Amino acid sequence: MKTLELKFENADGKIVTYSLEKPIEPVDPAAVAAAMDTIIAENAFTSSGGNLVAKKSARVVERNVEDIELV
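Being a predicted model, the structure only gives us computed values, none of them experimental.

Conventions and cut-offs
- Residues numbered from 1 in each chain as written.
- Predicted model: local features only at pLDDT ≥ 70, side-chain atom pairs only at ≥ 80, totals over all residues.
- Heavy atoms only, no water.
- Phe/Tyr/Trp six-rings, centres within 6.5 Å; stacked < 30°, edge-to-face > 60°.
- Salt bridge = Lys/Arg side-chain N within 4 Å of Asp/Glu carboxyl O.
- Buried < 20%, exposed > 50% of the residue type's maximum accessible area, 1.4 Å probe, protein only.
- Core = buried A, V, L, I, M, F, W, Y, C linked by side-chain atoms within 4.5 Å.
- Helix = DSSP H or I, 4+ residues; strand = E, 2+ residues; numbered from the N terminus.
- Contact = heavy atoms within 4.5 Å.
- Expected span 1.5 Å × (residues − 1).
- Arc of directions from axis to C-beta.
- Polar contact = N/O pair within 3.5 Å; in protein donor to acceptor, adjacent residues only side chain to side chain.
- Pairing = 2+ DSSP bridges.

Caption draft 1: Spatial organisation of the packing of aromatic side chains. Summed over the entire model, instances satisfying the criterion amount to two aromatic pairs. By the ring-pair criterion, three or more aromatic residues cluster together here, those being Phe8, Tyr18 and Phe45.

Next up, the structure:
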């Protein structure tokens, strides 16, 4: 499963990560940056360290899980 991770800096200077499942691909960097700007401008999310104050990064993460059958 793929997730889009949005990383922000909060008022305490700590990194806060929000993950969104099944991002639309290919990911549009301009749209992601604009969405992150909107999240910051509208204080859409807060964290224990205060409001989000800056964009840090964004990335698509793919996680593969393989179950192991125990005998």
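Caption draft 2: Representation of the pattern of salt bridges within the structure. Per the counting criterion, the structure on display carries five salt bridges. Two residues, lysine 7 and glutamate 5, come together in a salt bridge whose shortest N-O distance is 4.0 Å. Neither residue differs from the other here; lysine 7 and glutamate 5 are each classed as buried. The salt bridge involving lysine 56 is made with glutamate 9; its shortest N-O contact spans 4.0 Å.

Caption draft 3: Structural view of the nonpolar core. Core analysis: the biggest nonpolar cluster contains nine residues, these being Leu4, Leu6, Phe8, Val16, Val32, Met36, Ile39, Ile40 and Leu52. Among the elements of the structure, β1 (2-10) and α1 (29-41) are those that each provide at least two residues to this core. Top contributing element to this core by residue count: α1, with four residues. Once residues within four sequence positions are removed from consideration, isoleucine 40 is found in contact with Phe8, Leu52, Val53, Ala54 and Lys55.

Caption draft 4: Highlighting α1. Over its 13 residues, α1 runs 18 Å from end to end, which matches the ideal 18 Å to within 8%, given 1.5 Å per residue. Those residues of α1 that fall on the buried side of the exposure criterion are Val32, Met36, Ile39 and Ile40. Summarising the axial view, the buried residues of α1 lie within an arc of 95 degrees, below the 170-degree limit, and thus occupy one face. Turned more than 90 degrees from where α1 packs its buried face, Ala30 and Ala41 sit exposed. As for α1, its buried residues are in contact with β1 and β4 (50-62). For α1, the N-terminal capping position is held by aspartate 28, with its side-chain oxygen 3.1 Å away from the main-chain nitrogen of alanine 30.

Caption draft 5: A look at the sheet that holds strand β2 (residues 15-21). Read from one edge to the other, the open sheet built from four strands follows the order β2-β1-β4-β3, with strand pairing classed as antiparallel. Since the sheet does not close on itself, it has two edges, and those belong to β2 and β3 (46-47), each with one partner. In the sheet, β1 pairs with β2 via seven bridges, with the strands oriented antiparallel. By the bridge assignment, glutamate 9 is partnered in β2 with isoleucine 15.

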